[in-house]
Amino acid sequence: MDYRTIADAVAADVAAGRLRPGDQLPPQRRFARQRGIAVSTAARVYGELVRRGLAVGETGRGTFIRAAPKPESALAEPAAATVDLELNFPVLPEQPALIAASLGPLLRPDLLVQGLGPSVVTGSAEARAEAARVLGRGEWAPDASEVLFTGNGRQAIAAAMAALVPAGERLGVEALTYPVVKGIAARLGVTLVPLEMDSSGVVPDLPPRLRAVYLQPALHNPLGVTMPAARRAELAEALRERDLPVIDDGINGFLRPDVAPLAEIAPERTIVLDSLSKRLAPGMTLGFVVAPPVLRDRVAAAVRSGGWAAAQFPLVAATRLMADGTLAKIESAKRDDAMARQSLVRERLAGFSVRADPRAYHCWWQLPEPWRAETFVAAAARRGIAVTPAAAFAVSPGWAPTAVRLALASPRIDVLAGALDTLAALARSSPEDSGME
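The shown structure was predicted, so the numbers you read here are calculated from the model rather than taken from an experiment. (Residues numbered from 1 in each chain as written. Predicted model: local features only at pLDDT ≥ 70, side-chain atom pairs only at ≥ 80, totals over all residues. Heavy atoms only, no water.)

## Points about unusual backbone geometry
Then, number 1: Here the amide bond leading from Asn221 into Pro222 is cis, since omega sits at 20°, within 30 degrees of zero.
Then, number 2: By secondary structure assignment, the location of Pro222 is in the loop between strand 9 (212-215) and helix 9 (229-242).
Then, number 3: At the junction of Glu369 and Pro370, the peptide bond is cis and its omega measures out at 0° in the coordinates.
Then, number 4: Locating Pro370 in the fold gives a position in the loop between strand 14 (362-366) and helix 13 (373-382).
Then, number 5: With phi around 60°, Arg209 is a residue other than glycine that occupies positive phi space.
Then, number 6: Among the secondary structure elements, Arg209 is positioned in the loop between strand 8 (201-202) and strand 9. (Helix = DSSP H or I, 4+ residues; strand = E, 2+ residues; numbered from the N terminus.)

Here is the structure:
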């Protein structure tokens, strides 16, 4: 019997409710005996279910029916749940007034005309200078001549990936990574290779046949790890030995201005990416690419050919917000806000296995027994709270830790407190008590 036919039968059981979110599928050998098929065919059935987004494997636990269709939370519309702990775009109450005061003069005809021109990948000299000043972290400050602009951070990732990795070639990424990277790679025909991680981040023992590496060294999403200096040095040496370029995604780096990107110690091979989506707001974003001279033309060509150049008005507006200090005020307020929210997590989720940088806008929660990630996500959704299962971040399909990521930025802080209390009570109960079994 064709494995896809058997997968169709399992899918029908899911659609009919005979298999429910969180239900565990039998081990593959038992499944093969039950269906009268070879174990290798059972493995292909399970792989097909994972590919369709109907099942997920949890490391050391087995394979389970998913709580929802295959998650693409980072690419999706905002959650319909009452409390959104999936998407992480902080917008503070005082921002609109600050931004309005800064951008108001741009509506004058003599100033507005600056923003009505065509898109330019390199922007203006003023825009490059302001971006170079804003993007500096730790002891690193980029050269303004190396700055390029895209419409948003996702476009910056796509341009860097397209410039470095031809279709059909391999890009090394953290074993748990930003979900958008998986989607971009699939559309560009790039194969993602999961890199081993420990408590310090990526292990420098890199696999063979890579064309480049994509990393989040500061406030890794979803784990919250910030790579220490010793590991950064080891990794930079490994990249030099293999002559590999690296994409350093610094989207959360503004929350740790003390941590320099890898470009500080490997400037000749590091492309630094950033955007205003979290620094400022998702509705007023702009993407930044800082590429060393040896890679700059390739990246600029990828931005142009992909149609990813920044529009002129957002670029002019962002330049003004950077130049007059408005962006700096908002960033400072967000650093305080993130720490306040992490303090709330430590208080309300005390006793649980939660990993987070105290300055991050997200945390990683290793769920207690007997919970499984997909079942917990479904139970939380029934209580009006949207959280993201580990499988959304896993590069290897079908296998993920028994964990969820909580994005802390979106709700008001009092709403966040109530949601954390609800989730804590849920985690202290059992799936049976919650009505999920």
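## Here's the deal with the sheet that holds strand 2 (residues 62-65)
Then, number 1: Taking strand neighbours across the sheet as the criterion, the three strands line up as 2-1-17 in an open arrangement whose pairing is mixed. Every other strand in the sheet has two partners, leaving strand 2 and strand 17 (399-400) as the edge strands with one partner each.
Then, number 2: Relative to strand 2, strand 1 (residues 55-58) runs antiparallel, the two sharing four bridges. Within strand 2, the residue paired with Val56 across the bridge is Phe64. (Pairing = 2+ DSSP bridges.)

## Things to note about the sheet that holds strand 11 (residues 270-275)
Then, number 1: Strand order across the open sheet formed by seven strands is 4-12-11-10-9-5-6, with mixed pairing between neighbours. Two strands lie at the open edges of the sheet, namely strand 4 (147-150) and strand 6 (191-195), each paired on one side alone. Pairwise comparison of adjacent strand axes, ignoring direction, gives a mean angle of 25° for this sheet.
Then, number 2: Direction of pairing for strand 5 (residues 170-174) relative to strand 6: parallel, over a ladder of five bridges. (Axes fitted to C-alpha atoms, helices over the stretch in contact; angles between N-to-C directions.)

## Observations concerning the packing of aromatic side chains
Then, number 1: Evaluation of the coordinates by the stated rule reveals six aromatic pairs.
Then, number 2: Ring geometry for Phe31 and Tyr46: centres 5.1 Å apart, planes at 70°, overall edge-to-face. A residue pair is termed long-range when its members are at least 10 positions apart, and Phe31 in helix 2 (residues 28-35) and Tyr46 in helix 3 (residues 39-52) qualify at 15 residues. Each member of the pair, Phe31 as well as Tyr46, is classed as buried.
Then, number 3: One aromatic cluster in this structure is built from Phe352, Trp365, Trp371 and Phe376. (Phe/Tyr/Trp six-rings, centres within 6.5 Å; stacked < 30°, edge-to-face > 60°. Buried < 20%, exposed > 50% of the residue type's maximum accessible area, 1.4 Å probe, protein only.)

## Looking at the pattern of salt bridges
Then, number 1: Here the structure, examined in full by the defined rule, presents 22 salt bridges.
Then, number 2: The salt bridge involving Asp2 is made with Arg4; its shortest N-O contact spans 3.0 Å.
Then, number 3: With a shortest N-O distance of 2.9 Å, Asp198 and Arg231 are connected by a salt bridge. Placement of the pair is Asp198 in strand 7 (residues 197-198) and Arg231 in helix 9, with a sequence separation of 33 residues.
Then, number 4: Arg231 gets classed as buried once you look at its relative accessible area, which sits at 11%. (Salt bridge = Lys/Arg side-chain N within 4 Å of Asp/Glu carboxyl O.)

## Here's the deal with the nonpolar core
One recurring pattern in soluble globular proteins is that nonpolar side chains are buried together.
Then, number 1: One finds Leu171 and Ile271 to be the most contacted residues of the largest nonpolar core, which totals 34 residues.
Then, number 2: Elements with a contribution of two residues or more to this core: helix 7 (153-164), strand 5, helix 8 (179-188), strand 9, strand 11 and helix 10 (293-306).
Then, number 3: Tallying contributions element by element places helix 7 first for this core, with eight residues.
Then, number 4: When near neighbours in sequence (up to four residues on either side) are disregarded, Leu171 contacts Met161, Val165, Val190, Thr191, Leu192, Val193, Leu210, Ala212, Val213 and Tyr214.
Then, number 5: Membership of the second largest hydrophobic core comes to 29 residues, among which are Ala127, Ala263, Phe288 and Leu327. (Core = buried A, V, L, I, M, F, W, Y, C linked by side-chain atoms within 4.5 Å. Contact = heavy atoms within 4.5 Å.)

## Points about the packing of helix 7 against helix 10
Then, number 1: The interhelical angle for the contact between helix 7 and helix 10, taken along N-to-C directions, is 120°, at an axis separation of 8 Å. Taken together, the axes of helix 7 and helix 10 are oblique relative to one another. You can see that helix 7 and helix 10 cross each other, and the crossing is right-handed. Across the interface between the two elements, Ala159, Ala162, Ala163 and Leu164 from helix 7 touch Leu295, Arg298, Val299, Ala302 and Val303 from helix 10.
Then, number 2: Residues that form the contact of helix 7 with helix 10 fall into these classes: eight nonpolar, no polar and one charged. (Parallel < 35°, antiparallel > 145°, perpendicular 65-115°, else oblique. Left-handed = near helix turned anticlockwise from the far one by under 90°. Nonpolar A, V, L, I, M, F, W, Y, C, P; charged D, E, K, R; others polar.)

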